[in-house]
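If you want the building blocks of each chain, they are given just below.
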Amino acid sequence: MFQDISVDELIDLKDKNELTVIDVRSPSEYKDATIPGSLNIPFFNDEERAEVGTLYKQVSAQAAKERGLEIISVKLPSFIKEFAEIEGKKAVFCWRGGMRSRTSATVLSLMGIKALRLDGGYRNYRNWVVDKLETVEWKPEAYVLNGFTGTGKTTILHRLSEEGHPILDFEGMANHRGSVFGQIGLEPNNQKKFDSLLFEGIRNVQQSPYVLLEGESKRIGKVIIPDSVLEKKEQGIQVFIELPLEERVLHILEDYQPWEHEQECLEAFMRIKRRIHTPIATQIENDLKSGNYSSAVGLLLEYYYDPLYKHTAEHYTEDRKIIIQAKNLEEAIEIIRERLRVKHDSP
């Protein structure tokens, strides 16, 4: 009544905009990680899934199936209607290609709505992504943005992306800014979601002559950048951006808005306080408590972050290194833009 489809076939059709991918897992599963670009039409909500799962474990598989049938039968009209409103080819998936996706595809078929089913479900897709990331080969030349904390590297990436330049935003994929203060005001992504977004991003830039990315370390928050990606980053052209300290302080205040997250900022600082010379650490703590954020950020840069990154440029040969000295972010963006235009005739 329905046809199974492999991960490769699903991705190929999705790339061609010939397929709408629909995740029929619960909202919390969908939020945790999904196939990028998929819609969520849940077979069970979170509470219903928990109830059926408990019956399966504590009573029997048959009891779980019967309760699942009771739940979905009430919701079938609205469930089918949501699918009917989506035009074109559709494919459904659940966790491992089991009851939820099989039942969804079967019921839809009975109502004249054709829906393919992803063989092996999300678990199969997850394994596929991990395997691909281990062996991925990049075609574009990488331009890696480096610089002291507060140089505005992420802002530069976003600005250039808006102009049509290809980028890979690792911090955006991780939903973390990559420092001890990096998750303030954010909800960081897990490894599964990060890997999916990363591989999707790499595939999207494969036909470009170059790609811009940020010189991240191996770990961003709780996620790890795969070795194959780190290797490509290390082989790229390293762009070192130098801005005045006062400009960097302004960028950090704009990005983090510490006055909106006073307690989180203080808690994050306490995790690194012992690594900073005691009188300076005391001053930073007092500044954070009194709301003197410009002073606190300036001291953190001068006495903690800058020394950590001071020797980064020394690891690269001159032929792979570009140093950009600018008065402000706008000037730095213009210099990078012009270099790319000259070499790649880019927008």
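(A) Examining the overall build of the chain more closely. Along the chain, the regular secondary structure elements total 15 helices and twelve strands. Projected onto its principal axes, the C-alpha coordinates of the chain cover approximately 70 × 50 × 30 Å. The burial tally for the chain puts 47% of its 347 residues in the buried class. As displayed, the chain offers around 17900 Å² of accessible surface, 50% of which is attributable to carbon and sulfur atoms. Put simply, the chain has 46 plus and 56 minus side-chain charges, and the middle of one group is 5 Å from the middle of the other.

(B) Region of the structure containing the pairing of strand β8 (residues 210-214). Across the five residues that make up β8, a large majority, five, are buried. Burial along β8 is two-sided: the residues Tyr210, Leu212 and Glu214 and Val211 and Leu213 are all buried. Of the pairings in the sheet, the one linking strand β6 (residues 141-147) to β8 comprises five bridges and is parallel in character. Counted as the bridge partner of Glu141 is Tyr210 from β8. Note that strand β7 (residues 167-168) and β8 share two bridges and pair parallel. When the bridges of β8 are listed, Ile167 appears paired with Leu212.

(C) Representation of the sheet that holds β8 within the structure. In space, the five strands of this open sheet follow the order β7-β8-β6-β11-β12, with parallel pairing throughout. If you trace the sheet from one side to the other, it starts and ends with β7 and β12 (321-325), each paired once. In terms of strand pairing, strand β11 (residues 237-242) meets β12 through five bridges, oriented parallel. Looking at β12, one finds that Gln238 is bridged to Lys321. On top of the sheet, helix α7 (residues 153-162) reaches β6, β7, β8 and β11; it is set at about 150 degrees to β8, its chief contact. Contacting β6, β8 and β11, helix α10 (residues 227-235) crosses the sheet at an angle of about 70 degrees to β11.

(D) Here's a closer look at helix α14 (residues 293-309). If you look at α14, its biggest bend is around 45 degrees, right at Leu301. Within α14, the full set of buried residues consists of Tyr293, Ala296, Val297, Gly298, Leu299, Leu300, Leu301, Tyr304, Tyr305 and Asp306.

(E) Up close: the sheet that holds strand β3 (residues 39-40). Taken together, the five strands give an open sheet; going across it, the order is β1-β5-β4-β2-β3, and neighbouring strands pair in parallel fashion. Looking at strand neighbours, the two that pair on one side only are β1 (4-5) and β3, the edges of this open sheet. Bridge count between β1 and strand β5 (residues 116-118): two bridges; the pairing is parallel. The residue of β5 that forms the bridge with Asp4 is Arg117.

(F) Geometry of helix α3 (residues 46-58). End to end, α3 covers 18 Å across 13 residues, agreeing with the expected 18 Å (1.5 Å per residue, within 8%). One side-chain oxygen of the residue at the start of α3 lies 3.1 Å from the amide nitrogen of Glu47, identifying that residue as Asn45.

(G) Representation of the nonpolar core. In this structure, Leu10, Tyr125, Trp138 and Phe170 are the most contacted members of the largest nonpolar core, which totals 38 residues. Not counting residues within four places of it along the chain, the set of residues in contact with Phe170 comprises Phe194, Leu198, Leu213, Glu214, Glu216, Ile220, Ile225 and Val229.

(H) Layout of the side chain of Ser179. The residue Ser179 is located in the loop between α8 (170-174) and α9 (191-205) in this model. The class of Ser179 is buried, set by a relative accessible area of 19%. Contact partners of Ser179, with chain neighbours within four places excluded, come to Tyr256 and Tyr305.

(I) Main features of the packing of aromatic side chains. Counted by the stated rule, this structure contains ten aromatic pairs. Between the aromatic rings of Phe43 and Phe44, the centroid separation amounts to 4.8 Å while the plane-to-plane angle is 70 degrees, which identifies the pairing as edge-to-face. In terms of burial, Phe43 and Phe44 fall into one category: buried. Here the aromatic residues Trp95, Tyr122, Tyr125, Trp128 and Phe199 are joined through ring pairs into a cluster of three or more. Over the ring of Tyr256 we find Arg177; its NZ or CZ atom is 4.3 Å from the centre of that ring.

(J) A look at the pattern of salt bridges. What the rule picks out here adds up to 25 salt bridges. With its nearest N and O atoms 2.8 Å apart, the salt bridge here joins Asp23 to Arg25. A single burial state applies to Asp23 and to Arg25, both of which are buried. Note that Lys327 is salt-bridged to Glu331, the shortest N-O span being 3.1 Å.

(K) Structural detail: the environment of Lys90. With respect to the element layout, Lys90 can be found in strand β4 (residues 90-93). Spatially, the C-alpha atom of Lys90 lies 9.8 Å from that of Leu10, the residues being 80 residues apart in sequence. Among residues more than four places away in sequence, those in contact with Lys90 are Leu19, Thr20, Ile22, Phe83, Ile113, Lys114, Ala115 and Leu116. Of note is the side chain of Lys90, whose polar atom sits 2.9 Å from the backbone oxygen of Gly88.

(L) Focus on the side chain of His176. Assignment of secondary structure puts His176 in the loop between α8 and α9. The buried category is assigned to His176, whose relative accessible area is 6%. Other than its neighbours up to four places away in sequence, His176 contacts Glu171, Gly182, Gln183, Leu186, Pro188, Ile220 and Gly221.

Definitions and limits used
Residues numbered from 1 in each chain as written. Predicted model: local features only at pLDDT ≥ 70, side-chain atom pairs only at ≥ 80, totals over all residues. Heavy atoms only, no water. Helix = DSSP H or I, 4+ residues; strand = E, 2+ residues; numbered from the N terminus. Buried < 20%, exposed > 50% of the residue type's maximum accessible area, 1.4 Å probe, protein only. Areas by Shrake-Rupley, 256 points an atom, 1.4 Å probe, with all protein chains shown as cover. Lys, Arg positive; Asp, Glu negative; His and termini not counted. Charge placed at Lys NZ, Arg CZ, Asp CG, Glu CD. Pairing = 2+ DSSP bridges. Contact = heavy atoms within 4.5 Å. Axes fitted to C-alpha atoms, helices over the stretch in contact; angles between N-to-C directions. Bend = angle between axes of the 7 residues up to and from the residue. Expected span 1.5 Å × (residues − 1). Polar contact = N/O pair within 3.5 Å; in protein donor to acceptor, adjacent residues only side chain to side chain. Core = buried A, V, L, I, M, F, W, Y, C linked by side-chain atoms within 4.5 Å. Phe/Tyr/Trp six-rings, centres within 6.5 Å; stacked < 30°, edge-to-face > 60°. Lys NZ or Arg CZ within 6 Å of the ring centre and 35° of its normal. Salt bridge = Lys/Arg side-chain N within 4 Å of Asp/Glu carboxyl O.

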